[in-house]
Amino acid sequence: MENLFGDTFDLDGEEAEVAVFADVILPVPIPKMFTYRIPRSLEKAIGIGYRVIVQFGRKKVLTGIIGKVHQKPPQAYEAKPILEILDEQPVVNPLQIKFWSWMAEYYCCHIGEVMNAALPSGLKLNSESKIQLNPEFDQQTSSFPIDEREQVILDALTQKDELAYEDCGKLLGLKSAHRIIKSLVLKEAILVYEQVREKYSPKVENFIRLKEPYASSKAELEKLFNTISKKPKQEEVLLKYLQEIPVFQNSTKNENGLNKKVFSEAGCSTSSLKTLVKNEVLEEFKVIKSRFEQIPSKDLEIELAPFQKEGLEKIKNQFESKQTVLLHGITGSGKTEIYIELIKEVLESGSQVLLLLPEIALTTQIVARLQKVFGSKMGIFHSKYSDNERVEVWQGVLSGRFSFVVGVRSSIFLPFDSLGLVIIDEEHEPSFKQFDPAPRFQARDAAIMLAWLHQAKTLLGTATPSFESYYNAKNQKYGYVPLNKRFGEAQLPEFVMADILADKKKNLLKLDFTRILREKIQEALNQQEQVLIFQNRRGYAPFTSCDECGWIPECEQCDVSLTYHQYSKEMRCHYCGFKDKVPQSCVACGSNKISTIGMGTERIEESLSLLFPEARVGRMDLDTTRSKYAYQKILEDFGAGNLDILVGTQMITKGLDFDKVTVVGIVDADRILHFPDFRSGERAFQQITQVAGRAGRRNRRGSVIIQSRRPDHFVFDQVFKGDYANFYLTEMSERQRFFYPPFVKNIKVTIKHKESQIAQKAANHLANLIKDIQVKKIVLGPEKSLIGKIKNQYLFDLLIKLDKTGNVPALFKLELRRCLEELNFQKDFKSVRIVVDVDPY
DNA sequence: AGCACGCCGACT
DNA sequence: GTCGGCGTGCTC
C-alpha cells in the first residue's frame, strides 16, 4: 500500500501488499522484455538470471530468463504469473544481462535472439502440446455428439494416457488435427496441456561394489567362495572384483566401487554379474560422471626467451593505462608462452580468463599444450561439442570448476562473473564474425566489450593484425606490443613467385603446377622432407555440369548452383539445404556425359598423385574433417611422417608446427587477391603470411612458392619483406579515399520478400527513409544481393557508410529501428523481412 | 518466431 | 461441406 508520499508502509507488521513483477527475456524476436507477475510462493527464491517457465501467447510455454525484478505493474495489460522456477541458483549473472542488452543494441537485434545464441540449447526447455482425456467427461451422459474421427482420438486416449498434438494428425491421416481437437475441447471431452522436458541429462555410469557382510568380514567372504565354487562364472566375476578392488586394504575403495564396464571389458559374464547382484552379494549403483576427464595440471616452468620476457613486461606495462593491447608477433615468435604466463598470473590473482580461438585452431596443438599446464581448471568450449557437453562447461564456469576457458566465438556467452583477462588469438580471423542468424556479432569486438564490463584487460594476438585493430593501436586506443624475433632464431623462409601465365605459354604448366613448384616439391621429397599445399576454399566449390552443353544443376529456391557433396554422394544447396540426387543425364540436352568436379583441394590431391606417384598425399578440408576427430587424425598422420604432402584449405595454416615441412605452395594466389571486397588486400596479406609461416621452422630454411597470374602485384613484395606497416599504409590511403572501414562504420541492410517487385519497392522506400536520417553518412543501393534469391525470397542490399564519431552510430541505429518499424507499418510491406548486419564482412 | 484465426479455392 | 493454403495480427 502506498501513502501520500509514495512510501510503502507495513500493515500490522506484515509485509506490504506490493506485488512483485519480473521482466522476462524470452527467445522470441520481439524487441522487448515481457512483464510477468511473481506469485507469492516464489517471491523469496527469485532474482535476475533465474530460468523460469511462463506461458506465452495462447498456450505455448517457454523458458525465459529474469532480466529485472521490480514493483511497477504494467499499465496496458494484466501480467500473467510465472509458472515455475527451474533453478536453485541463477544460471546467468547480471553482468551477462548487461552484455546481452549491449549486444542487442549494438548489433540491432532483439535481446531474445541474443539469449538464444547465448544459452546452450540444453538449458532451454521446449514444450510439447499434448492432450489427455478429461476426467469429468462421460460420453454416455454428454449431450454432445461425437463423430467418427473424434472417436478415433478418444479411443486412442483410452489406450494411452496422453497423445502428442502432432500424433493426432498422423492418427487420422490429416495434415493437422486442429479442428478435431478444437471440437473435442469444446465438447469438454479432452484437455490440452503443455509438457516441458529438460533436455540436459547428466552422464551416468553404473558401478558395482561388494555388499555387507562380505566387504568387512574375511570369514564371510570365504564362506561365500565355498558356496559358489561350483559356479565358475560367478567366481570369476568375484575374483575380478577383488583383484581390482582390494577390499580389505582400504574400505573406501569398496565404497567407490568399480565401473561395471570393467567386467564386460575383461570378458566376465554379465549374466553371472546380474545373478550376484540379485543374490545381494554385489550391488549396483549409479554415479554421475563429468563428461570431461580429470587432468592434473603440472606446474610446468616455461622459460621465456629474453625477447618474450620483454614483450610480456611491455604488455603488463601497457595494461596499466590501456584496457586493450595488440600483441603483434610474427609467426614463430612464441605468443602462446606469453599467453600462458599472463593467464597464470591472472588466475593466481583469483580472476577468470577467457581465451578465444578461431574454430579451426581449437583442435590443434595449442589446446593440448594449455591443457598440460592448466589441467582440469581449464574448460574447453568447442563448436563440435554436444548439447550436454556444452551445458557441463556452462555449469563448470558457474560452479567455479573452470576458472579458465579456451573456446570458440560463442564462449563469450559463458557465465563468467569475474573475468580478469580475455585473450583473442588470431584476432584477424574473419570467422570471429557470426553471419547468421542474429545476433550478427564480431566476437573480438564483443569480447572487448565483455572485458570492459568486467573491468578486465583484453589482449589481441596475431601475426597479421586486422586493419581495425592496428588502426586503433596507432590511434592510441589500444596499446601495441610488437614481437619481431622468431623463437630459436628460426630463419624467415625464402619466397619464390611462380608465374602461371608465363609457364602456360611455355607449356610448363602441368595439372596446375608450375615448373618451379614441381621442382621444389620433388627436391623436398628427395630429402625426405614434407610439403604443404594450400588451396583457398573460396571459389572452388564442388559442382556438376554437362560436358555437352554446359548445363549446371541449380537450386529451385535459390539463385545458386548446387554443390556436389562427395561424402554423401548428393547435390546440395548451401543456402536452403535442398538435397537432390546426382543427375545421371543432362536436363537440358539429355546427354549422359555428366561430370562432377570436387573441391579444389580434391583436384589438387589427384594432380599431385599423378605428378608424384611415389609420394603419399593427404588432404584436409571440410569434407575430410567432418567427424569430430578426423582432423586430429590427419594431423597426427602428417606429424608422424606417414604422409609426404598435405593439401588443404585455411585449416592447415592454423597452429601447426611441423619441423619437417620445408616447402609450402600456394596454388592460386589470385583467388585470394581478386575477391570483390574491400578487405581482399588485407586478407591476401594475412593468408599468404600465415601460410608462409608454416615453412621451415627450427633449423631449416623453408621455401614458399606462390603461383599467380600477376606475380608483380605489390602485395607479394610486401609479404616477402614482412612489411606489414608499409602495406597497411598503402591500403589505408585507399580506404580513406573511398570511405571504407575503419574510417566509416558499415551497416548492411538486406530486404527480403518472395516477390521481387515488392522487395525492390520496399528497398527503395527504406533507402529514402534512411537517407532522411540527419546524420553524416553515405547510402549505397538498393542493389540486388550477390545471391539474388534464397529460399524463394528475393534479396536486395543497402549499404550505409556511417560517420563513426561521437554518438552518431548509436543515434543512427535508433533512427534505423524507427525506419524499419515505419516500413513494416505500410500495408504493402507488412510481410517484408529485413536483416541488419552491423560491421558486415 | 510460433501460433491462432479467418478467408478462400479445390475437391470429395 | 471440409481440407489445407496462405495472409494477418498478437504475444506480457
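Structure first, text after, so check above.
Residues numbered from 1 in each chain as written. Chains lettered and ligands numbered in written order. Predicted model: local features only at pLDDT ≥ 70, side-chain atom pairs only at ≥ 80, totals over all residues. Heavy atoms only, no water.

Topic: the protein's contact with DNA strand B
Alright, step 1. Neighbouring DNA strand B are the residues Pro29, Ile30, Arg58, Lys59, Lys60, His178, Lys182 and Arg833.
Alright, step 2. A share of 72% is what sugar and phosphate atoms reach among the atoms of DNA strand B within 4 Å of the protein.
Alright, step 3. Taking Lys60, its side chain carries an N or O atom lying 2.9 Å from a phosphate oxygen of DNA strand B.
Alright, step 4. Take His178: an N or O atom from its side chain is 2.9 Å from a phosphate oxygen of DNA strand B.
Alright, step 5. Tallied by class, the residues present in the surface near DNA strand B amount to 2 nonpolar, 1 polar and 5 charged. (Near = heavy atom within 4 Å. Polar contact = N/O pair within 3.5 Å; in protein donor to acceptor, adjacent residues only side chain to side chain. Nonpolar A, V, L, I, M, F, W, Y, C, P; charged D, E, K, R; others polar.)

Quick look at the protein's contact with DNA strand C
Alright, step 1. In the neighbourhood of DNA strand C, 18 residues make up the surrounding shell, with Lys32, Tyr77, Lys80, Arg149 and Arg179 lying closest.
Alright, step 2. A distance of 2.7 Å separates a base nitrogen of DNA strand C from a polar side-chain atom of Lys32.
Alright, step 3. A per-element tally of the surface near DNA strand C places strand 2 (residues 34–38) first, with 3 residues.
Alright, step 4. When grouped by side-chain class, the residues that make up the surface near DNA strand C number 7 nonpolar, 3 polar and 8 charged. (Helix = DSSP H or I, 4+ residues; strand = E, 2+ residues; numbered from the N terminus.)

Concerning the sheet that holds strand 31 (residues 777–790)
Alright, step 1. Ordered by their spatial adjacency, 4 strands build an open sheet running 31-32-30-33, and the pairing between neighbours is antiparallel. Among the strands making up the open sheet, the edge pair consists of strand 31 and strand 33 (833–838). Adjacent strand axes in the sheet meet at a mean angle of 20 degrees, parallel and antiparallel pairs treated alike.
Alright, step 2. Bridging between strand 30 (residues 744–753) and strand 32 (residues 793–803) involves 10 bridges; their strand directions are antiparallel. Paired with Lys748 across the two strands is Leu799, which belongs to strand 32.
Alright, step 3. Along the sheet, helix 26 (residues 808–825) makes contact with strand 30, strand 31, strand 32 and strand 33, crossing strand 32 at roughly 150 degrees. (Pairing = 2+ DSSP bridges. Axes fitted to C-alpha atoms, helices over the stretch in contact; angles between N-to-C directions. Contact = heavy atoms within 4.5 Å.)

Description of the nonpolar core
Alright, step 1. Core analysis: the biggest nonpolar cluster contains 151 residues, and Phe99, Trp100, Met103, Ile412 and Leu766 have the highest contact counts within it.
Alright, step 2. Here the element with the most residues in this core is helix 15 (residues 443–453); it accounts for 8 residues.
Alright, step 3. Not counting residues within four places of it along the chain, the set of residues in contact with Phe99 comprises Ile412, Phe413, Ala446, Leu450 and Leu453.
Alright, step 4. By size, the runner-up hydrophobic cluster in this structure holds 21 residues, among which are Tyr214, Ala215, Val247 and Leu258. (Core = buried A, V, L, I, M, F, W, Y, C linked by side-chain atoms within 4.5 Å. Buried < 20%, exposed > 50% of the residue type's maximum accessible area, 1.4 Å probe, protein only.)

Topic: a nonpolar patch on the surface
Alright, step 1. Together, Phe739, Ile778 and Leu780 line one region of the surface with nonpolar side chains, adding up to about 240 Å² of accessible area.
Alright, step 2. Assignment of secondary structure puts Phe739 in the loop between helix 24 (724–737) and strand 30.
Alright, step 3. Given a relative accessible area of 44%, Phe739 falls into the partly exposed group. (Patch = residues over 30% accessible without salt bridge, like charges linked within 9 Å, V, L, I, M, F, W, Y side chains within 5 Å. Areas by Shrake-Rupley, 256 points an atom, 1.4 Å probe, with all protein chains shown as cover. Salt bridge = Lys/Arg side-chain N within 4 Å of Asp/Glu carboxyl O.)

As for the side chain of Thr750
Alright, step 1. Along the chain, Thr750 falls in strand 30.
Alright, step 2. Using a relative accessible area of 10% as the deciding quantity, one classes Thr750 as buried.
Alright, step 3. One polar contact links Thr750 to Asp797, side chain to side chain, over a distance of 3.1 Å.

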